[in-house]
Protein chains: 2
Amino acid sequence: MPAPRKEHLNLVPFVSVDNMMKLILSIGVEDAIEGIAAQIESDFKRWESFDKTPRLASHSKEGVIELMPTSDGETYGFKYVNGHPKNTKDGLQTVTAFGLLADVDTGYPALLTEMTILTALRTAATSALAAKYLAPKHARTMAMIGNGAQCEFQALAFKRICNIDTVRLFDIDPIATDKAVFNLQDSGLKVIRTNSHQECVSGADIITTCTADKQYATILTDNMVGTGQHINAIGGDCPGKTELHKDILLRSDIFVEYPPQTRIEGEIQQLDENHPVKELWHVITGQEQGRTSDSQITLFDSVGFAIEDFSALRYIYDVIKDTDFFENLDMLADPDEPRDLYGMVRRAAKQPSL
Amino acid sequence: MPAPRKEHLNLVPFVSVDNMMKLILSIGVEDAIEGIAAQIESDFKRWESFDKTPRLASHSKEGVIELMPTSDGETYGFKYVNGHPKNTKDGLQTVTAFGLLADVDTGYPALLTEMTILTALRTAATSALAAKYLAPKHARTMAMIGNGAQCEFQALAFKRICNIDTVRLFDIDPIATDKAVFNLQDSGLKVIRTNSHQECVSGADIITTCTADKQYATILTDNMVGTGQHINAIGGDCPGKTELHKDILLRSDIFVEYPPQTRIEGEIQQLDENHPVKELWHVITGQEQGRTSDSQITLFDSVGFAIEDFSALRYIYDVIKDTDFFENLDMLADPDEPRDLYGMVRRAAKQPSL
């Protein structure tokens, strides 16, 4: 009666935090970001082959837990991610995440992985990919407001993908800036610490805002943004959480990932729902123009989208092959005869532990 | 600079398939089902404290992959589950699943577990719980049409919770019935194999339909259902997939889990969208009557709902304490200083493997 047994069908490759760190270090952080950016660029070029849906968010007083699924018809992926700004007070991460890939034809999972580190990498990769199309070509200096967990990944992504050679750092908490200065000391970047938002953005070609408060904030006011700059706004990413003064938005050409989600979660929640925005994938495919003049202010209003996670998961799925940076999880019941689930359970009494 | 480090914050208890089997056997299958049913009953009594949303389904030609989240404001849970009827041809499970519990206040996962076996247990527990309120009190014989992976779990649940002493089995594939007869031989139930749908339901007080075809099917025709019977319809659980002739529905008092989901996925997708149905939780809390007469036909149009998975996850979370039936997964990045994610990655180069 047993059907032909395929080996290891019940086992799902799992990349732990420890293995993710070792994997990324073995590849090199900048190379990994560049690889993920290439996968995102490739997947954005076939945007229309993906199922797209706004993430499924469960909001609570202290934060949010989200499920972000997508599928290209062959592979299904989703990410579990939380956002709890107050976590840091208790020594916890603001954002933790894990993700999964599965085979659409069978529904069987093919990869489970930590995604806290991977989300940091894909967020930085997406920011730099957008800036490749939107920032002024001569850009060499980036201002970074908010020096938390994303900061160094952003700096390295912009160095590798956009040829940034100088980062200007500011955080309302100087300890965060201490950490970023220390971590970037041998990065090849010129690192300048500054003492105010205003000083930070001075002379910058690109401004990245990456702060974590869950509230309407005004990290950038209108007078701080000059003609020709590119703004990479990644901190405002849920309803009621923004970083930019509305007047900046009104002066900018705005680019977004997926409008139905960004209207709810991004900086543009401050604007009329019909305010014109361009989709990044339209720019990448050449259907729309990105930067068209030296005086234009471009704004990438980034909230993070499921396809970026899908791309990151696909990248990990590919690069772990032929490495030892994963373990196999006994996650799927796989009886010899598929309909004999109960018999499998009963027989477990007679088997030694796996 | 390190914040006070809580031990094991980054580790998530994981119940593998092997451990789930050993856990359930150590408890006893019927005791486990009864324990899960008690948790479901308790959670259905506080139905209004849960966030409810129809599951997020990704349909493809061969099947469906679903995410089923819910939260009671303190604990968040979700299940990943696929349904691929053609999988059995390739020696794969029709349904595989895993699930997660997380702490709402921090967003940190608290349990990851296989749920293929656990879903079978919770489905059986839910069916028997509904029948406790809806089936005739004198019911001792259940007909089971469809003898696949759910069959034995249903039989044992109805034995334990509803005092069923006889099961009548039929499946269009006699090999499935062979399996069920074999597995139930020492269950304490009188097991009768039958040769047709009609013979199977003869003399039964309860009829359970649990077939797997993804199509409109007519497992039960109107003439096969008599007055006073309780029908437990669990196979029809996605759009376009039903098991009962519409005329049976029109003669029955229909009970459902969550109407917005059942209207789309259940037997009642065949009916007008305003056709009256009662919610099981209203019966459990006494707000509505269940069975009111001996002649009434009651129908539990079950599609499976996220709160049942939540209850099952909560049960497992409770019972694994003080056992060895789980392992700890290094799933969450947990740097000493929450904002120093990059530093943690960098330092991994200098650390031995975990």
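Our subject is the structure that appears above.
Everything numeric in this text was worked out from a predicted model, so none of it was measured.

What counts as what
Residues numbered from 1 in each chain as written. Chains lettered and ligands numbered in written order. Predicted model: local features only at pLDDT ≥ 70, side-chain atom pairs only at ≥ 80, totals over all residues. Heavy atoms only, no water. Helix = DSSP H or I, 4+ residues; strand = E, 2+ residues; numbered from the N terminus. Buried < 20%, exposed > 50% of the residue type's maximum accessible area, 1.4 Å probe, protein only. Contact = heavy atoms within 4.5 Å. Areas by Shrake-Rupley, 256 points an atom, 1.4 Å probe, with all protein chains shown as cover. Lys, Arg positive; Asp, Glu negative; His and termini not counted. Charge placed at Lys NZ, Arg CZ, Asp CG, Glu CD. Pairing = 2+ DSSP bridges. Axes fitted to C-alpha atoms, helices over the stretch in contact; angles between N-to-C directions. Parallel < 35°, antiparallel > 145°, perpendicular 65-115°, else oblique. Left-handed = near helix turned anticlockwise from the far one by under 90°. Nonpolar A, V, L, I, M, F, W, Y, C, P; charged D, E, K, R; others polar. Least-squares fit on C-alpha atoms with pLDDT ≥ 70 in both. Core = buried A, V, L, I, M, F, W, Y, C linked by side-chain atoms within 4.5 Å. Buried area = accessible area lost by both parts, 1.4 Å probe. Salt bridge = Lys/Arg side-chain N within 4 Å of Asp/Glu carboxyl O. Polar contact = N/O pair within 3.5 Å; in protein donor to acceptor, adjacent residues only side chain to side chain. Disulfide = S-S within 2.5 Å. Phe/Tyr/Trp six-rings, centres within 6.5 Å; stacked < 30°, edge-to-face > 60°.

**Details of the overall build of chain A**
For step 1, the next point in the chain: Along its length, chain A carries 11 helices and 17 strands.
For step 2, the next point in the chain: Along the first, second and third principal axes, the C-alpha atoms of chain A reach 75 × 45 × 40 Å.
For step 3, the next point in the chain: For chain A, the residues scored as buried account for 62% of the 354 residues in total.
For step 4, the next point in the chain: A separation threshold of at least 6 residues defines the contact pool for chain A, and within that pool the share at least 24 residues apart is 71%.
For step 5, the next point in the chain: Summed over all atoms, the accessible surface of chain A reaches about 12,800 Å², with 48% contributed by carbon and sulfur.
For step 6, the next point in the chain: Between the averaged position of the 34 positive side-chain charges in chain A and that of its 51 negative side-chain charges there is a distance of 1 Å.

**Observations regarding the sheet that holds strand E8 (residues 166–170) of chain B**
For sheets, the rule is that strands pair by backbone hydrogen bonds, running either parallel or antiparallel.
All names here are of chain B.
For step 1, the next point in the chain: Spatially, the eight strands line up as an open sheet ordered E9-E8-E7-E10-E12-E16-E14-E15, and their pairing is parallel. Taken across any chain shown, the strands that pair with only one partner, and hence form the sheet edges, are strand E9 (190–193) and strand E15 (278–279).
For step 2, the next point in the chain: Of the strand pairs in this sheet, strand E7 (residues 141–145) and E8 are connected by five bridges, and their pairing is parallel. Bridge pairing links Ala143 to Arg168 in E8.
For step 3, the next point in the chain: On the sheet, helix H3 (residues 116–134) packs against strand E12 (230–233), strand E14 (253–256) and strand E16 (298–301) and is oriented at approximately 155° with respect to E16.
For step 4, the next point in the chain: Packing against the sheet, helix H5 (residues 174–183) makes contact with E8 and E9, and its axis sits at approximately 165° to E9.

**Brief notes about the pairing of strand E5 (residues 97–103) of chain A**
Residues and elements named next belong to chain A.
For step 1, the next point in the chain: For E5, the tally of buried residues reaches six of seven residues, placing the bulk of the element in the interior.
For step 2, the next point in the chain: In this sheet, E5 lies alongside strand E4 (residues 75–83) in antiparallel orientation, the contact comprising seven bridges. Bridged to Lys79 within E5 is Gly99.
For step 3, the next point in the chain: Here E5 pairs with strand E6 (residues 109–114) via five bridges, running antiparallel. Among the inter-strand pairings, Ala102 is bridged to a residue of E6, identified as Pro109.
For step 4, the next point in the chain: Two successive antiparallel strands, E5 and E6, enclose a turn made up of five residues, where Gly107 displays a positive phi of approximately 75°.

**Examining the environment of Ala306(B)**
Residue and element names in this part refer to chain B.
For step 1, the next point in the chain: Topologically, Ala306 is positioned in helix H10 (residues 306–319).
For step 2, the next point in the chain: Given the relative accessible area of 4%, Ala306 is considered buried.
For step 3, the next point in the chain: For the pair Ala306 and Ser196, spaced 110 residues apart in sequence, the C-alpha separation works out to 34 Å.
For step 4, the next point in the chain: Beyond its immediate chain neighbours, meaning those up to four positions away, Ala306 contacts Met68, Pro69 and Thr70.

**Let's talk about the packing of helix H3 (residues 116–134) of chain A against helix H11 (residues 341–348) of chain B**
For step 1, the next point in the chain: Between H3(A) and H11(B), whose axes approach to 11 Å, the crossing angle comes to 115°. One way to sum up the angle between H3(A) and H11(B) is to call them roughly perpendicular. Pair H3(A) / H11(B) crosses with left-handed handedness. Residues Thr116(A), Ile117(A) and Ala120(A) of H3(A) form the contact with H11(B), whose own contacting residues are Leu341(B), Met344(B) and Val345(B).
For step 2, the next point in the chain: Class assignment for the residues of the contact of H3(A) with H11(B) results in five nonpolar, one polar and no charged.

**Here we look at the packing of helix H2 (residues 29–45) of chain A against helix H10 (residues 306–319) of chain A**
Residues and elements named next belong to chain A.
For step 1, the next point in the chain: Running from N to C, H2 and H10 cross one another at 125°; their axes reach a closest spacing of 9 Å. Relative to H10, H2 is oriented oblique. Our pair here, H2 against H10, has a crossing hand that is right-handed. Along its contact with H2, which presents Asp31, Ala32, Gly35, Ile36, Gln39, Ile40, Asp43 and Phe44, the element H10 presents Ile307, Glu308, Phe310, Ser311, Ala312, Arg314, Tyr315 and Asp318.

**So, the relation of the copies chain A and chain B**
For step 1, the next point in the chain: Overlaying chain A with chain B gives an RMSD of 0.0 Å, the required rotation being 180° about an axis along which the chain moves by 0.0 Å. Both chain copies can therefore be described as sitting about a two-fold axis.
For step 2, the next point in the chain: A share of 100% of the interface residues of chain A reappears at the interface of chain B, consistent with the copies meeting face to face through the same patch.

**Re the nonpolar core**
For step 1, the next point in the chain: One finds Ile33(B), Ile117(B), Leu118(B), Leu121(B), Phe153(B), Ile164(B) and Ile316(B) to be the most contacted residues of the largest nonpolar core, which totals 74 residues.
For step 2, the next point in the chain: Element by element, the count of residues in this core is highest for H3(B), at 11 residues.
For step 3, the next point in the chain: What Ile164(B) contacts, discounting residues up to four positions off in sequence, is Ala139(B), Arg140(B), Thr141(B), Met142(B), Phe158(B), Lys159(B), Leu189(B) and Ile206(B).
For step 4, the next point in the chain: Core analysis: the next-biggest nonpolar cluster, separate from the first, contains 73 residues, Val29(A), Met144(A), Leu189(A) and Ile307(A) among them.

**Some points on the pairing of strand E1 (residues 11–15) of chain B**
All names here are of chain B.
For step 1, the next point in the chain: Here E1 lies mainly inside the structure; four of its five residues are buried.
For step 2, the next point in the chain: As paired strands, E1 and strand E17 (residues 327–330) are joined by four bridges and run antiparallel to one another. When the sheet's bridge partners are listed, Leu11 is paired in E17 with Asp330.
For step 3, the next point in the chain: Inspection of the sheet shows E1 paired to strand E6 (residues 109–114) by two bridges, in the parallel sense. Among the inter-strand pairings, Phe14 is bridged to a residue of E6, identified as Leu112.

**So, the sheet that holds strand E2 (residues 56–59) of chain B**
Residues and elements named next belong to chain B.
For step 1, the next point in the chain: If you trace the seven strands from one edge of the open sheet to the other, you get E2-E3-E4-E5-E6-E1-E17, paired in mixed fashion. Every other strand in the sheet has two partners, leaving E2 and E17 as the edge strands with one partner each. When strand polarity is set aside, the average angle formed by the axes of neighbouring strands in this sheet is 20°.
For step 2, the next point in the chain: Of the pairings in the sheet, the one linking E2 to strand E3 (residues 64–71) comprises four bridges and is antiparallel in character. In the strand pairing of E3, Ser58 is matched with Ile65.

**Remarks on the interface of chain A and chain B**
For step 1, the next point in the chain: Facing 83 residues of chain A, the contacting portion of chain B comprises 83 residues.
For step 2, the next point in the chain: Summed over both partners, the interface of chain A with chain B comes to about 7,500 Å²; 68% of that surface belongs to carbon and sulfur atoms.
For step 3, the next point in the chain: Where chain A touches chain B, the interface holds four salt bridges.
For step 4, the next point in the chain: In this structure, the connection of chain A to chain B is made through 32 residue pairs in polar contact (both at pLDDT 80 or more).
For step 5, the next point in the chain: Take the side of chain A that touches chain B: its biggest share by element is six residues, from helix H11 (residues 341–347) of chain A.
For step 6, the next point in the chain: Class assignment of the residues belonging to the side of chain A that touches chain B gives a composition of 45 nonpolar, 20 polar and 18 charged.

**A word on the state of the cysteines**
For step 1, the next point in the chain: The final tally for this structure, using the stated rule, is zero disulfides over all chains.
For step 2, the next point in the chain: Of all cysteine sulfurs in the structure, the one in Cys151(A) sits closest to Cys200(A), which takes part in no disulfide; the separation is 9.3 Å.
For step 3, the next point in the chain: Judged by its relative accessible area of 0%, Cys200(A) is buried.
For step 4, the next point in the chain: Residue Cys151(B) stays outside any disulfide, its sulfur separated by 7.8 Å from that of Cys210(B), the closest cysteine.

**What to know about the packing of aromatic side chains**
For step 1, the next point in the chain: Scanning the entire structure with this criterion turns up 22 aromatic pairs over all chains.
For step 2, the next point in the chain: Aromatic pair Phe50(A) and Phe310(A): ring centres 5.0 Å apart, planes at 85°, arrangement edge-to-face. Placement of the pair is Phe50(A) in the loop between H2 and strand E2 (56–59) and Phe310(A) in helix H10, with a sequence separation of 260 residues. For the pair Phe50(A) and Phe310(A), one class covers both residues: buried.
For step 3, the next point in the chain: Through pairs of rings, three or more aromatic residues link up here, namely Tyr76(A), Phe78(A), Tyr80(A), Phe98(A), Tyr76(B), Phe78(B), Tyr80(B) and Phe98(B).

Note that every value here comes from positions in space, so none of it alone points to a role or purpose.
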